[in-house]
Structures are given as structure tokens and as C-alpha cells.
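Understanding the architecture of this molecule
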Amino acid sequence: MNSPEALYPATRDAALARWRAFLPRASRYGALRNRVVSGHPDVTRLSAAVRARLVTTEELVGSLLETHRFEAVEKLAQELVWRDYWKGWLELRPEVWTAYRAEVDHLRQRADPAVLERAEAVMAGRGGIAVMDRFARELIETGYLHNHARMWWAGYWIHVERLPWALGADFFYRHLLDADPASNTLGWRWVAGLQTRGKAYLPRRSNLEKHCAPEWLADPTGLERLDDSVVAAVPVPDDGPALRGPWESLPEHPDASRLEPGLGGLGGVGGGGGRSGRWGLWLHGEDLSVERSALAGFHPEVVLSVFDARRVAAFGMAAPRVAYLKTALADGLARAGRHFTCPAEACETGETLAEALARVARERRLDGWVAMRPSVGPLGEAIPAIEAALARDGRRVLWCRRRWDEQTWPQASAGFFGFWEKARRRLSAGARDPRQSELSFG
Ligand SMILES: Cc1cc2nc3c(=O)[nH]c(=O)nc-3n(C[C@H](O)[C@H](O)[C@H](O)COP(=O)(O)OP(=O)(O)OC[C@H]3O[C@@H](n4cnc5c(N)ncnc54)[C@H](O)[C@@H]3O)c2cc1C
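The next thing to look at is the packing of helix α9 (residues 130-142) against helix α11 (residues 165-175). At their nearest, the axes of α9 and α11 sit 8 Å apart, and the two run at 35° to each other. In this structure, α9 contributes A136, L139 and I140 to the contact, and α11 contributes F171, F172 and H175. For the contact of α9 with α11, the residue count by class is five nonpolar, one polar and no charged.

Now for the site of the ligand. For the ligand, the set of nearby residues contains 26 residues, the closest of which are Y29, T44, R45, Y144 and N147. Take S47: an N or O atom from its main chain is 3.0 Å from an oxygen atom of the ligand. Measuring from a nitrogen atom of the ligand, one finds a side-chain N or O atom of N184 at 3.4 Å. Against a free-state accessible area of 810 Å², the protein chains account for coverage of 95% of the ligand. Looking at the shell around the ligand, the elements with two or more residues in it are α4 (47-51), α6 (74-92), α10 (147-160) and α12 (181-192). Considering each element in turn, the shell around the ligand owes the most residues, five residues, to α6. Of the residues in the shell around the ligand, the class split is 14 nonpolar, six polar and six charged.

Looking now at the sheet that holds strand β3 (residues 344-347). One open sheet holds the five strands; their spatial order is β3-β2-β1-β4-β5, and the pairing between them is parallel. In the strand order of this sheet, the two ends are held by β3 and β5 (396-400), each with one partner. The sheet shows a mean angle of 30° between the axes of neighbouring strands, taken without regard to direction. Where strand β4 (residues 368-372) meets β5, five bridges bridge the pair, whose relative direction is parallel. What sits directly across from M372, in β5, is C400. Here helix α15 (residues 319-340) sits on the sheet in contact with β1 (279-283), β2 (303-306) and β3, set at roughly 170° to β2. This element, helix α16 (residues 353-363), spans β1, β2, β3 and β4 of the sheet and lies at about 155° to β2.

For the rest of this paragraph, the subject is the domain arrangement of the chain. Per the domain assignment, the segments of the chain are domain 1 (4-92 + 406-428), domain 2 (95-226) and domain 3 (256-400). Look at where the C-alpha atoms of domain 1 and domain 2 centre, and you get two points 23 Å apart. Across the contact, 19 residues belong to domain 1 and 30 residues belong to domain 2. Taken together, both faces of the contact between domain 1 and domain 2 bury some 2,100 Å²; the carbon and sulfur share is 64%. Considering only the surface of domain 1 that becomes buried against domain 2, V36, W86 and L90 emerge as the three largest contributors, covering 32% of it. At the boundary of domain 1 with domain 2, the tally comes to three salt bridges. A salt bridge links K87 to D180; the nearest nitrogen and oxygen atoms lie 3.2 Å apart. Linking domain 1 with domain 2 are eleven residue pairs in polar contact (both at pLDDT 80 or more), by the criterion used here. Among the elements of the structure, α4 and α6 are those that each provide at least two residues to the side of domain 1 that touches domain 2. With five residues, the single largest contributor to the side of domain 1 that touches domain 2 is α6. Its residues assigned to classes, the side of domain 1 that touches domain 2 comprises nine nonpolar, four polar and six charged.

Reading the values: the criteria
Residues numbered from 1 in each chain as written. Predicted model: local features only at pLDDT ≥ 70, side-chain atom pairs only at ≥ 80, totals over all residues. Heavy atoms only, no water. Axes fitted to C-alpha atoms, helices over the stretch in contact; angles between N-to-C directions. Helix = DSSP H or I, 4+ residues; strand = E, 2+ residues; numbered from the N terminus. Contact = heavy atoms within 4.5 Å. Nonpolar A, V, L, I, M, F, W, Y, C, P; charged D, E, K, R; others polar. Near = heavy atom within 4 Å. Polar contact = N/O pair within 3.5 Å; in protein donor to acceptor, adjacent residues only side chain to side chain. Areas by Shrake-Rupley, 256 points an atom, 1.4 Å probe, with all protein chains shown as cover. Pairing = 2+ DSSP bridges. Domains from an automatic or database assignment. Buried area = accessible area lost by both parts, 1.4 Å probe. Salt bridge = Lys/Arg side-chain N within 4 Å of Asp/Glu carboxyl O.

And the structure:
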């Protein structure tokens, strides 16, 4: 069998090659995307690359619209933008992530042992419905599931097995190569009926028989448990998450005028010129194409990536996911090193992120780090410790955010429909960042 990395591109070049090969078929995506068949040829399988930002939604949507009429590829553009909607939605309601993680910890320690035992069996592919067991094994072996299979399996876990949604979400989070705090947590909440009140997703046998490859249903064991007349939604509490306070805007790049006197400036960034400083660029797994952002003109002393083994272990990341992350980080680091023509250092010392960033800053006599601000999730949780570790030495991090995120995320305050209408208008009007032109097919 091909390794997960071969099936799911882990470098920017491989992701671009996958996208270019898929583009001619993009207009058939809307009609075929729900089919679950071997090899998943009808979908891009680029989610892990998008998650690590080896490629950005913006450049994918941009090249899609350069090569097709908007109406012909609207469905694919819409799915690509769904990801940004979920990112913004969670960024505006960070306590949804915190509450979910607390629930996972609580369940692991306090849940009825019989529930935990059943959960283990279902996760191991021993739940008793042959097709669902197959999906569990596919997830463990490859780190990927088709969107429809994710919906069916999550629905089966919640509404058929009646297991706690948070434990199922954690299982996905540990194994998916594309594991994303927003898409995963909110995808599970949506299936449970927490995300859109009164709208749980039920895994119905008729739907599987319509969209799933017949050979995957050849073993009918347990299918009767999914009969349309049998499956019923589990009631959910109304947890109505509140919106966080005002949106905290961040610049695309740390303009020198933002720096306090005495901290030095960033040569070449934002036309601030004049003052100089010693800044490093921290590259992490949420944005591995920084050289294709407004930071492209930055002159860092060093580019650093940190593999935080303790964080990875704390979240129980599965081996294929760890391997994917390492390959993607190495690819991002190599490209950044070439682009910024400075040393590119990979740190895997067993230190935490905060410790590694503080130590390298001291060793290289940096004023601090410039970085894309991590979004809500495990990396975002590390921000206070990073800032505190640097502040102890009088250093700091200058956080940046891509203009695309700054424009789209705050719009996720309500439902997807309104969000999509705004994105649709912007996209069909062709508003794109010209710096993202590598995928131009014009
Ligand atoms: C329970 C559940 C959990 C999920 N967990 C994740 C996750 O952790 N990470 C993740 O990236 N996606 C998640 N998704 C969304 C979706 O299933 C995957 O993005 C998609 O299956 C990835 O395959 P693809 O790249 O071939 O998608 P394609 O169909 O080719 O879509 C193209 C891109 O659009 C985006 N996209 C497509 N569908 C969705 C969607 N429903 N929501 C958000 N973005 C979407 C992805 O970036 C994807 O790469 C989850 C969905 C469900 C129902």
C-alpha cells in the first residue's frame, strides 16, 4: 500500500501537482464529490496540505476561478471556503475548543468504564457494522477519511452507538492528517446537532447504499442498525456559545512603525526602513508558505521550526500524522531558508515551544520573533507561555495574520450562508492578492 504521505501531499510541490491534475475535473466536483470509492478520485485529498498551509485557500480558489466559470466550480469554491468559515467561527468562540478539550479529559477519567470499553472497540474497528469498522481502519491506517465517511462514522458513533461526541472527535483529531481544531470540533458538533440547532446528521442505510462503493457494502454485517426507520437523533443540550469580544486585528506584517523605541526595526518590512533589528522568523505547522505572504520582504536572521514532542505526545497524535507533520515542516523550512537566504534551523530537542524559542533567541541575540499567530487550538494555547518566556529576557513576538484571514474570519459571527454570500461576491469580483500568483494559469 502507498504510504499516507504519497496519497496525501506533504510538500508544497506535491500539493500543487495534485491540484493541477485535479483542476481539469473541477467542474465535475459538485456532481461527484459525495461518492465514497477506493482512492477517492473525485475529491482533491488536499485537506492536510491546506491545513498546514503548504497551499492556501486563497491561491486554490484564485486558480480555480482563473480556469473556470464561477458557476461551473462554485461547489468546490464553497467547500474550500467552508474551512475558513469554521476557522473564523472558532476564533470568535475560543471557549468551544477549551470546553471540548476539558470534556475529553473529564470523560477519560470519569466516564463509565463500560462506555470507555465500547468506545475503544468501535475505534479499533470492532463495532460490529462491517462498513463502519472498515472506515475506522482506513482512518487509522491512512490518516484520511472522505467527508461523507466522516459524516457517516461520526453519526454512527453519536446516534447509533450513543457514545459521547467529544471522545469520537478526539479519535479523529489524533489520527487525521488534516486534523484541525476548527473543522474537526465543529464538524462533530454539527453531526451531533449542537452546531445547527435541531439539525443532527443521521447515518442512514439508504444514503450509504446510494453513495458508497458497492464492494464496501458487500459484507452487510450490522447494516440493519442503520436502517432508516431505526436511526434516531440523540437529544443534545443547548450550549449556545457566546461570541468573544471585539475582533483583535493583526497586521499582515510587523510594520517598523509599530515597534517600540529601543526594540529595533525590521529592515525591509512594510517600507519602515531606517532602523535595524535582529529578528527571527518562527515557522510552524499552521502556515508553511510564509514566503508567499506579506512577510516575503522580511529579512530574518534565522528561520526556525520547532517540533514540540511533548505537545504531540500530550495530544496522542498517531504515527502517520506525526510523520506528515515532520515532512511538511521540513518542506516549509527548506523553502523559507531558500527564499529568505538565511540559516534555517529545525529544532527537535525535547524542549517545549516556549523554551526553544527563548533559547534560540538568546543564542542568536535576537530582539524576538516574527510569526503568523496560531489560531485557536493546541498551538494557540502555547501563545501565553511563549510570550512569557520571551518577556523574561526582554524579548517579544510580533504576531501577523494574513489579510485573507483578517478579512474572512470576523465574518463568521453567524451562519455559513451569510458568510458565503460575502465571500462569493468578493471571489466572483476577482479580488485576489497578486502576491499569490504562482498558480496563475492566465
Ligand atoms: C466529523 C467531521 C470532521 C472533520 N474534520 C476535519 C478536520 O479535522 N480537518 C479538515 O480539514 N476537515 C475536516 N472535515 C471536513 C472535510 O471532511 C474534509 O476537509 C475533507 O473531507 C477533506 O478531503 P478533501 O481534501 O479531499 O476535500 P475536498 O472535497 O477536495 O475539498 C477541498 C477542500 O475544501 C475544504 N473542505 C471540504 N469540505 C469541508 C468541510 N465540510 N468543512 C471544512 N472544510 C472543508 C478542505 O480544506 C478540503 O481540502 C471534517 C468533517 C466532518 C464531518
